[in-house]
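# Survey of secondary and tertiary structure
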Amino acid sequence: MPRTIGGISSALRGSRRAQFFAELLEAQQGPELDGVLSAWWGRAMLDTDPDRDRIRSGAEAGTLPTTSMDDVLRRRQQHGAR
């Protein structure tokens, strides 16, 4: 998805699109506007995930599988990543 106003707004669901435009219209050009675009791009990416509802429910219920940083680092080392 493009990290543009159009790309972000197209991906957002329902009232989130209106929220995005409200924040966008209040942001000043520069770092503030960049921050709004970055934050909403992340939210829009989540909205495009077909498993979004299942993942959100699992997160709220505390049933998502978790991995420790030690496990992540160990797997990366096993696969040659540093």
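Being a predicted model, the structure only gives us computed values, none of them experimental.

Check the secondary structure of the protein and you find five helices and zero strands. The C-alpha atoms of the protein give 17 Å as radius of gyration, which overshoots the globular expectation for 82 residues (12 Å, by more than 25%). Principal-axis analysis of the C-alpha atoms places the extent of the protein at approximately 45 × 30 × 20 Å. Considering only contacts within the protein whose residues lie at least 6 apart along the sequence, 43% involve residues at least 24 apart.

The biggest cluster of nonpolar side chains holds 10 residues, and these are Ile8, Ala11, Leu12, Phe20, Leu24, Ala27, Val36, Leu37, Trp40 and Ala44. Only helix 1 (5-11), helix 2 (15-26) and helix 3 (31-48) provide two or more residues apiece to this core. Sort the elements by how many residues they give to this core and helix 3 lands first, with four residues. Among residues more than four places away in sequence, those in contact with Leu37 are Ile5, Ile8, Phe20 and Leu24.

Here we take up a nonpolar patch on the surface. Side chains of Ile5, Phe21 and Leu25 sit close together on the surface and give an oily, nonpolar patch of about 290 Å² of accessible area. Tracing the chain through its elements places Leu25 in helix 2. Judged by its relative accessible area of 70%, Leu25 falls in the exposed class.

With that settled, consider the packing of helix 2 against helix 3. Contact geometry of helix 2 with helix 3 gives a least axis separation of 9 Å together with a crossing angle of 170 degrees. One finds that helix 2 runs roughly antiparallel with respect to helix 3. Residues Arg16, Gln19, Phe20, Glu23, Leu24 and Glu26 of helix 2 touch helix 3, and the partners they reach there are Glu32, Leu33, Val36, Leu37, Trp40, Arg43 and Asp47. Each residue belonging to the contact of helix 2 with helix 3 can be placed in one class, and the counts come to six nonpolar, one polar and six charged.

Calculation criteria
- Residues numbered from 1 in each chain as written.
- Predicted model: local features only at pLDDT ≥ 70, side-chain atom pairs only at ≥ 80, totals over all residues.
- Heavy atoms only, no water.
- Helix = DSSP H or I, 4+ residues; strand = E, 2+ residues; numbered from the N terminus.
- Rg over C-alpha atoms; globule rule 2.2 N^0.38 Å.
- Contact = heavy atoms within 4.5 Å.
- Core = buried A, V, L, I, M, F, W, Y, C linked by side-chain atoms within 4.5 Å.
- Buried < 20%, exposed > 50% of the residue type's maximum accessible area, 1.4 Å probe, protein only.
- Patch = residues over 30% accessible without salt bridge, like charges linked within 9 Å, V, L, I, M, F, W, Y side chains within 5 Å.
- Areas by Shrake-Rupley, 256 points an atom, 1.4 Å probe, with all protein chains shown as cover.
- Salt bridge = Lys/Arg side-chain N within 4 Å of Asp/Glu carboxyl O.
- Axes fitted to C-alpha atoms, helices over the stretch in contact; angles between N-to-C directions.
- Parallel < 35°, antiparallel > 145°, perpendicular 65-115°, else oblique.
- Nonpolar A, V, L, I, M, F, W, Y, C, P; charged D, E, K, R; others polar.

Honestly, that's just the spatial picture; any functional story needs more than this.
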